[in-house]
Amino acid sequence: MRKPNIAILGATGVVGREITKIVDELNIDFNEIKFLSSAKSAGTKFEFQGKEYTVEEAKPESFDNVNIVLASAGGSTSQKFAPEIVKRGGVLIDNSSAFRMEPDVPLVIAYVNDEDLRKHKGIIANPNCSTSQLMLVLKPLHEKAKIKRLIVSTYQAVSGAGLAAINELTENTKATLEGKDFENKCFKKPISFNVIPQIDIFCENGYTKEEMKVVNETKKILHLPEDLPISCTAARVPVYNGHSEAVDIEFEEEITPDEVREILKNSFGIKVIDNPDNFEYPTTRDASGVDPVFAGRIRKNLAFKNGISLWCVADNLRIGAALNTVRLCKKVIEMGLF
């Protein structure tokens, strides 16, 4: 198997650092690796696999002889460098929203729709964090009983908005407890002891861009009909890490809660915690820092025929961003797609 030269773009950010850690954890077999960032962060030194590296400023020539680029540097940066990467024969695995809904760019969750990777023309998009954990749960259930209708409510941690948002939760909480005034900058409302029913900007239909990402990306990844009804409400909660989702699914065919538990127990990347009598159900503390998507509270939905309701939780920085990015890298190498 040919070993690629790899670059991590956005290496000094929260997700970039997590990508670096997971490249090591998953034993990605590379020939050479380089770390790229904006001019502001260039020059940063850190150790990786026993060797010291210096972060370089990303420039077009940075991608000479690079086979795979793992990018988490924001949409504008990805759009700037994507043509340069592709022109030089590299494959961009992009963590931003820049290319997700482009018709000729595969949007892929590893172990969900791997075959879509074969369609890439130099760019592969990593889905939104809240979509990513949801797909690992929905794919095996859809294969069994066919999704007819889907309603999702997300409760999203501040780490999904970056390091500044993490710091804002800490400082806002301290100020609230001390009775001091606080000017929130990352969020439209105070985040301490609060739930904010807005993530990203509002669209003309009254939904936010975050909510529409869940709708549109789910259809693209699972190859669902465009007219299949999906609705989402996304809220920001005062949790540092780990997104939670309440999921209500109506299926074409009958499926029982016990069948759902058994399917998910035997599905890749899922851990079922579902014994409410003993207060056993997944929380963000279970998920933070580990790979599985946790599922629980699996029960018959009282509003839908052939309906199931469940709760799922995952570390949004891992499965929702860095982990899937590196898993896609591993798949690209294994499938010889670079």
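Above this text is the structure in question.
It should be emphasised that the depicted structure is a prediction, and the values quoted were computed from it without experimental measurement. (Residues numbered from 1 in each chain as written. Predicted model: local features only at pLDDT ≥ 70, side-chain atom pairs only at ≥ 80, totals over all residues. Heavy atoms only, no water.)

Enquirer: Requested: an account of the packing of aromatic side chains, with residues and values cited.
Expert: This model, assessed by the stated rule, comprises 8 aromatic pairs. Ring geometry for phenylalanine 35 against phenylalanine 46: centres 4.7 Å apart, planes inclined by 75°, an arrangement best described as edge-to-face. Taken as a pair, phenylalanine 35 in strand β2 (residues 32-37) and phenylalanine 46 in strand β3 (residues 45-48) lie far apart in primary sequence, 11 residues in all. Look at phenylalanine 46 and you get buried, because its relative accessible area is 18%. Among the aromatic residues, ring-to-ring pairing joins Phe30, Phe35, Phe46, Phe48 and Tyr53 into one connected group. For arginine 149, the ring lying beneath its charged end belongs to phenylalanine 304, and the centroid distance is 5.8 Å. Directly above the aromatic system of tyrosine 111 lies the positively charged group of lysine 331, at a separation of 4.0 Å from the ring centroid. (Phe/Tyr/Trp six-rings, centres within 6.5 Å; stacked < 30°, edge-to-face > 60°. Helix = DSSP H or I, 4+ residues; strand = E, 2+ residues; numbered from the N terminus. Buried < 20%, exposed > 50% of the residue type's maximum accessible area, 1.4 Å probe, protein only. Lys NZ or Arg CZ within 6 Å of the ring centre and 35° of its normal.)

Enquirer: Describe the pattern of salt bridges, with residues and values.
Expert: In a structure, side chains of opposite charge can pair up when their charged atoms sit close to one another. Summed over the entire model, instances satisfying the criterion amount to 20 salt bridges. Note that lysine 21 and glutamate 18 form a salt bridge whose closest N and O atoms lie 3.5 Å from each other. With lysine 21 and glutamate 18 both in helix α1 (residues 14-25) and 3 residues apart, this pair spans about one turn of that helix. For lysine 180, the salt bridge is made with glutamate 178, and the minimal N-O distance between the two is 3.1 Å. Several salt bridges converge on common partners, so that one network encompasses Glu18, Lys21, Glu25, Asp291 and Arg318. (Salt bridge = Lys/Arg side-chain N within 4 Å of Asp/Glu carboxyl O.)

Enquirer: Could you give an account of the pairing of strand β4 (residues 51-54), naming the residues involved and the relevant values?
Expert: Here β3 runs beside β4; their pairing, made up of 4 bridges, is antiparallel. Residue lysine 45 lies in a different strand from β4, and its bridge partner there is threonine 54. (Pairing = 2+ DSSP bridges.)

Enquirer: With reference to specific residues and values, describe helix α8 (residues 318-334).
Expert: Because each turn of an α-helix spans 3.6 residues, side chains separated by three or four positions in sequence point in the same direction. The end-to-end C-alpha distance of α8 is 21 Å, clearly below the 24 Å that 17 residues give at a rise of 1.5 Å each. Roughly 40° is the biggest bend found in α8, and it falls at asparagine 324. (Expected span 1.5 Å × (residues − 1). Bend = angle between axes of the 7 residues up to and from the residue.)

Enquirer: Kindly report on the sheet that holds strand β7 (residues 91-94), identifying the contributing residues and their values.
Expert: With respect to topology, 6 strands assemble into an open sheet ordered β5-β2-β1-β6-β7-β8, the strand pairing being parallel. The outermost strands of the open sheet, each flanked by one partner alone, are β5 (56-57) and β8 (123-125). In this structure, β7 lies alongside β8, joined through 3 bridges in parallel fashion. The residue bridging aspartate 94 from the neighbouring strand is alanine 125, located in β8. Set on the sheet, helix α2 (residues 75-87) makes contact with β1 (5-9), β6 (68-71), β7 and β8; between it and β7 the angle comes to about 160°. (Contact = heavy atoms within 4.5 Å. Axes fitted to C-alpha atoms, helices over the stretch in contact; angles between N-to-C directions.)

Enquirer: Tell me about unusual backbone geometry, and please be specific about residues and values.
Expert: Unlike most non-glycine residues, asparagine 27 shows phi in positive territory, near 55°. In this fold, asparagine 27 is placed in the loop between α1 and β2. The phi torsion at asparagine 306 lies on the positive side, around 55°, for a residue other than glycine. Assignment of secondary structure puts asparagine 306 in the loop between β13 (293-300) and β14 (307-314).

Enquirer: Describe the sheet that holds strand β12 (residues 270-272), listing the residues and the values that go with them.
Expert: What links the strands of a sheet is backbone hydrogen bonding, and the strands pair in either a parallel or an antiparallel sense. Here 6 strands make up an open sheet; going across it, the order is β10-β9-β11-β14-β13-β12 and the pairing mixed. Edge strands, defined here as strands with exactly one partner in the open sheet, are β10 (230-236) and β12. Each neighbouring strand pair of the sheet contributes to a mean axis angle of 20°, computed without reference to strand direction. Strand direction decides the pairing type here: β12 and β13, joined by 3 bridges, are parallel. Following the sheet pairing, lysine 271 is matched in β13 by phenylalanine 294. Sheet strands touched by helix α3 (residues 129-145): β9 (147-156), β11 (243-251), β12, β13 and β14. Its angle to β11, the strand with the most contacts, is close to 25°. This element, helix α6 (residues 257-265), spans β12, β13 and β14 of the sheet and lies at about 165° to β13.

Enquirer: Summarise the pairing of β1; cite the residues concerned and give the values.
Expert: Residues in a regular strand project their side chains so that they alternate between the two faces of the sheet. Most of β1 sits out of view: 5 of its 5 residues are buried. For the crossover from β1 across α1 to β2, the handedness is right-handed. The sheet contact formed by β1 and β6 spans 4 bridges and is parallel. Bridging from a neighbouring strand, leucine 9 pairs with alanine 71 of β6. (Right-handed = clockwise from strand over helix to strand, strands pointing away.)

Enquirer: Quick one: what's the story with the packing of α3 against α6, residue by residue and with numbers?
Expert: Running from N to C, α3 and α6 point in directions that differ by 125°, and their axes come no closer than 10 Å. Judged by the inter-axis angle, α3 sits oblique to α6. As for how α3 packs across α6, the hand of that crossing is right-handed. Judged by residue contacts, Val137, Pro140, Leu141 and Lys144 of α3 engage Glu259, Val260, Ile263 and Leu264 from α6. Tallied by class, residues from the contact of α3 with α6 come to 6 nonpolar, no polar and 2 charged. (Parallel < 35°, antiparallel > 145°, perpendicular 65-115°, else oblique. Left-handed = near helix turned anticlockwise from the far one by under 90°. Nonpolar A, V, L, I, M, F, W, Y, C, P; charged D, E, K, R; others polar.)

Enquirer: Can you break down the packing of α3 against helix α5 (residues 209-222) residue by residue, with the values?
Expert: As a packed pair, α3 and α5 sit with axes 10 Å apart at the nearest point and diverge in direction by 40°. Comparing their axes, α5 and α3 come out oblique. The two elements α3 and α5 meet at a crossing, and its hand is right-handed. Within the contact between the two elements, α3 uses Cys129, Ser130, Thr131, Leu134, Met135, Leu138, Lys139 and His142 and α5 uses Glu210, Lys213, Val214, Glu217, Thr218, Ile221 and Leu222. Residue composition of the contact of α3 with α5, grouped by class: 7 nonpolar, 4 polar and 4 charged.

Geometry only, nothing functional implied.
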